[in-house]
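Letter by letter, the chains look like this.
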Amino acid sequence: MDALADLNLFELPEQQTKISSKVSKALKENPDIRLGFDHCCTCATPLTLSDKSDKSCKACKRVWYCSKECRRQDGEAVLNDEDQASGHSAVMCHLLRLCEIDELVEDPKSTHQSISKEDKKASIDRINSEFESYPATLNVLMDAPCFQPVLTCPKEQKQRPSNGLEDKEGKLRTLTIHIIGATEEAELWGDFKLSHESCRNAGDAYSEALAELASTYSSIHTINLIFVGPSCPEKNRHDVKIIQKGNLNVDGKKRKREDTCELILQTHQSDYDTASLKELPKPDFYVFFNPGFTCPDYNWSV
């Protein structure tokens, strides 16, 4: 992460906060306390939401205190001999500040007046990198030998795609990928527009990322990306993009392909369960960008 490099850190320190005995006692009584969010970061006093505006950290604006005195005490925290930070450390404060900036930049209602031009540009680069990493990850399908049998001979497609292409035997080929746990604000990135003119939305970015795969495996004339998750758009989408198959370098000779590949992006707002599977085409691959194993709010039992 660039932010860590700016701080001369190669990885996030395992411990950035040393809590006081008072806070430790409060945590034993109530392990669900969220220090700095619903309880004071310094003394663990429960926070009154209506009074939080003037008691946040002045730097990151995401950690909260019950009083200005607690904020002052936390601001005076220094490293001890074990290199463990007392209270709200500078490293965590800096990272939380980046989170605050990124949320403001992504918010279409924000005026960005509190953000410098340099911080805004850096934030846009971080957001672009995160969003573009989702379609770029699909290229792993080309790298692993275990995927090759499916890619070289995907299942037949019963219905002709709009580009009307057939293989030599007159059979159409399609590759279906289920992207499980997808969300509108992550894999599909909502209304946020990337800074790159070539792929300012999710459809264009996935088309660009899958162009090499479509060009390499000539039998694939349709790629069906099906995004499934409870946080997908409320109204299911069915978008169609045409991927232009590019020039391939085979044995040192350029081979030009004039044909195209149809990319279909579908969304289904539902859990990935037995009921939803009955309505979806059978997949060739399952993709989990974020399985949710570390997310306590994701319910896999449904």
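Being a predicted model, the structure only gives us computed values, none of them experimental.

**Details of the overall build of the protein**
Right, on to step 1. Of the regular secondary structure elements, the protein holds 10 helices and 7 strands.
Right, on to step 2. Here the protein holds 302 residues, and the buried ones make up 40% of them.
Right, on to step 3. Contacts in the protein between residues far apart in sequence, at least 24 positions, make up 64% of those at least 6 positions apart.
Right, on to step 4. Taken as a whole, the protein presents about 18300 Å² of accessible surface, with 50% of it coming from carbon and sulfur.

**Some thoughts on the nonpolar core**
Right, on to step 1. Ranked by internal contacts, the top residues of the largest apolar core, which has 36 residues, are Y206, L213, I223, L225 and F227.
Right, on to step 2. Setting aside anything within four residues of it in sequence, one finds I223 in contact with L175, L210, L213, A214, C261, E262, L263 and I264.
Right, on to step 3. C40, C41, C57 and L96 belong to the second-largest nonpolar core, a separate cluster that totals 12 residues.

**Topic: the packing of helix α5 (residues 117-137) against helix α8 (residues 202-209)**
Right, on to step 1. Running from N to C, α5 and α8 point in directions that differ by 45°, and their axes come no closer than 8 Å. By the angle between their directions, the pair α5 and α8 is classed as oblique. As α5 packs across α8, the resulting crossing turns out to be right-handed. In this structure, α5 contributes Y134, P135 and A136 to the contact, and α8 contributes A205, Y206 and A209.
Right, on to step 2. Residue composition of the contact of α5 with α8, grouped by class: 6 nonpolar, no polar and no charged.

**Digging into the confidence of the model for the protein**
Right, on to step 1. The predicted model of the protein has a mean per-residue pLDDT of 75, with 69% of residues at 70 or higher.
Right, on to step 2. A low-confidence stretch, residues 158-170 stays under pLDDT 50, and its non-local contacts, those more than four residues away or across chains, total 20 contacts.

**Overview of the pattern of salt bridges**
Right, on to step 1. A complete count under the given rule lists 7 salt bridges for this structure.
Right, on to step 2. A salt bridge links E103 to R62, with the shortest nitrogen-to-oxygen separation between them at 3.2 Å. Of the two residues, E103 sits in helix α4 (residues 90-106) while R62 sits in the loop between α2 (21-29) and α3 (68-75), which places them 41 residues apart along the sequence.
Right, on to step 3. R62 gets classed as buried once you look at its relative accessible area, which sits at 19%.
Right, on to step 4. Linked through salt bridges whose partners overlap, the residues forming this network are R62, E100 and E103.

**Considerations on the environment of I177**
Right, on to step 1. Within the fold, I177 resides in strand β1 (residues 174-180).
Right, on to step 2. As a C-alpha pair, I177 and I223 span 46 residues in sequence and 7.8 Å in three-dimensional space.
Right, on to step 3. Ignoring anything within four residues of it in the chain, the contact list for I177 reads L141, N224, L225, I226, F285 and V287.

**Some remarks on the environment of H178**
Right, on to step 1. Along the chain, H178 turns up in strand β1.
Right, on to step 2. Take H178: its relative accessible area is 0%, and that puts it in the buried class.
Right, on to step 3. Among residues more than four places away in sequence, those in contact with H178 are I226, Y272, L277, L280, P281, P283, F285, Y286 and V287.
Right, on to step 4. Side chain to side chain, H178 and Y272 meet in a polar contact 2.7 Å long.

**Quick word on unusual backbone geometry**
Right, on to step 1. The phi dihedral of A44 falls on the positive side, at around 70°, and the residue is not glycine.
Right, on to step 2. Its relative accessible area of 8% is what places A44 among the buried residues.
Right, on to step 3. Despite not being glycine, K61 has its phi angle at roughly 65°, a positive value.
Right, on to step 4. Within the element layout of this structure, K61 appears in the loop between α2 and α3.
Right, on to step 5. Residue K61 is classed as partly exposed on the basis of its relative accessible area, which comes to 38%.

**Let's talk about the side chain of S276**
Right, on to step 1. Structurally, S276 is set in helix α10 (residues 274-279).
Right, on to step 2. There is a polar contact of 2.9 Å between the side chain of S276 and the backbone oxygen of D273.
Right, on to step 3. Ignoring sequence-local partners within four residues, the contact set of S276 consists of S270 and D271.

**Some details on the packing of aromatic side chains**
Right, on to step 1. Inspection of the entire model under this criterion finds 5 aromatic pairs.
Right, on to step 2. Between F147 and F285, the aromatic rings sit 5.1 Å apart at their centres with planes inclined by 80°, giving edge-to-face as the arrangement. Residue F147 is found in the loop between α6 (140-143) and α7 (148-152), and its partner F285 is found in strand β7 (residues 285-287); the two are separated by 138 residues along the sequence.
Right, on to step 3. Given a relative accessible area of 21%, F147 falls into the partly exposed group.

Rules and cut-offs
- Residues numbered from 1 in each chain as written.
- Predicted model: local features only at pLDDT ≥ 70, side-chain atom pairs only at ≥ 80, totals over all residues.
- Heavy atoms only, no water.
- Helix = DSSP H or I, 4+ residues; strand = E, 2+ residues; numbered from the N terminus.
- Buried < 20%, exposed > 50% of the residue type's maximum accessible area, 1.4 Å probe, protein only.
- Contact = heavy atoms within 4.5 Å.
- Areas by Shrake-Rupley, 256 points an atom, 1.4 Å probe, with all protein chains shown as cover.
- Core = buried A, V, L, I, M, F, W, Y, C linked by side-chain atoms within 4.5 Å.
- Axes fitted to C-alpha atoms, helices over the stretch in contact; angles between N-to-C directions.
- Parallel < 35°, antiparallel > 145°, perpendicular 65-115°, else oblique.
- Left-handed = near helix turned anticlockwise from the far one by under 90°.
- Nonpolar A, V, L, I, M, F, W, Y, C, P; charged D, E, K, R; others polar.
- pLDDT = per-residue confidence, 0-100.
- Salt bridge = Lys/Arg side-chain N within 4 Å of Asp/Glu carboxyl O.
- Polar contact = N/O pair within 3.5 Å; in protein donor to acceptor, adjacent residues only side chain to side chain.
- Phe/Tyr/Trp six-rings, centres within 6.5 Å; stacked < 30°, edge-to-face > 60°.

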